[in-house]
Amino acid sequence: CKIIDADGNGKVSDAEAKALAKLGKDSKDGKIDNSDIKALFQNAKQFVDEKTEVKTRKDGSKTITTTAEDGTKTTEKYNKDGKKISQSTKETDGTTTTKKYSYDKDGDLTKIKEKKTEIINGQKRTVSTTTAEYKDNKKISQVTQKSDGTKVTTTYKRDKEGNLTSKEAKTTTVVDGK
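These lines cover the structure that appears in this document, whether it is placed above or below. (Residues numbered from 1 in each chain as written. Predicted model: local features only at pLDDT ≥ 70, side-chain atom pairs only at ≥ 80, totals over all residues. Heavy atoms only, no water.)

Some words on the overall build of the protein chain
Along its length, the protein chain carries 3 helices and 10 strands. When the helices and strands of the protein chain are listed from N to C terminus, the series reads α-α-α-β-β-β-β-β-β-β-β-β-β. Going through the 178 residues of the protein chain one by one, you find that 25% of them count as buried. A fraction of 9% describes how many contacts in the protein chain between residues 6 or more apart in sequence connect residues 24 or more apart. (Helix = DSSP H or I, 4+ residues; strand = E, 2+ residues; numbered from the N terminus. Buried < 20%, exposed > 50% of the residue type's maximum accessible area, 1.4 Å probe, protein only. Contact = heavy atoms within 4.5 Å.)

What to know about the pairing of strand 6 (residues 109–120)
As paired elements, strand 5 (residues 96–103) and strand 6 share 8 bridges and run antiparallel to each other. In the strand pairing of strand 6, Lys100 is matched with Lys113. The turn joining strand 5 and strand 6, which pair antiparallel and follow one another in sequence, is formed by 5 residues; a positive phi near 90 degrees is taken by Gly107. Looking at chain direction, strand 6 and strand 7 (residues 123–135) are connected through 10 bridges and run antiparallel. Looking at the pairing, Ile112 lines up with Ala132 of strand 7. Adjacent in sequence and paired antiparallel, strand 6 and strand 7 are bridged by 2 residues, among which Asn121 carries a positive phi angle near 50 degrees. (Pairing = 2+ DSSP bridges.)

A word on the environment of Lys170
With respect to the element layout, Lys170 can be found in strand 10 (residues 164–173). Between the alpha carbons of Lys170 and Thr153 there is a distance of 5.2 Å; along the sequence they are 17 residues apart. Here Lys170 is in contact with Lys151, Val152 and Thr153, once residues within four sequence places are set aside.

Observations regarding the pattern of salt bridges
Taken as a whole and judged by the stated rule, the model has 3 salt bridges. Between Lys55 and Glu53 there is a salt bridge, with its nearest N and O atoms 3.7 Å apart. On the accessibility criterion, Glu53 (39% relative accessible area) is partly exposed. Glu76 is the partner of Lys84 in a salt bridge, and the nearest nitrogen-oxygen pair spans 3.0 Å. The exposure class assigned to Lys84 is buried, which follows from its relative accessible area of 19%. (Salt bridge = Lys/Arg side-chain N within 4 Å of Asp/Glu carboxyl O.)

As for the environment of Ser166
As for its placement among the helices and strands, Ser166 is situated in strand 10. Exposure remark for Ser166: the relative accessible area of 32% places this residue in the partly exposed category. Sequence separation between Ser166 and Thr155 is 11 residues; the distance between their C-alpha atoms is 8.1 Å.

The following block contains the structure:
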């Protein structure tokens, strides 16, 4: 397979090499063929236009910051066990989406909290929050979404084998953010 640089500058950048390596891992048979190359070029802008910086601390935790060509900045933090503990994406218009991940003592995901803020008339304002809770067998048990004065709580019930038996959504009006 001839390596082709996605942005046409005559060089294969680190981002392009990473994309090709990922492509090889993601390919169904582990080999890169024409359909894989076509998929790479359809997504090439994502790989070529980003700048990524990785910082590893002495305890093994990591922070990965990616800045896209348009200025959007995403920061991901991982604990020493390699579990993602937070992710924050800040758009150029000031919109920020932050996710925080919680784990139990066994390292299983228990909760994801997401908060989206926007700058409105020069003021930072929370526009939505979502909390997803996970229980037995790493299955989602409840999702709570708050936005525009409305709170929707969806509860998922499961049998002993972990199969979904019911899903119930309850909508309430939010007063003063509660």
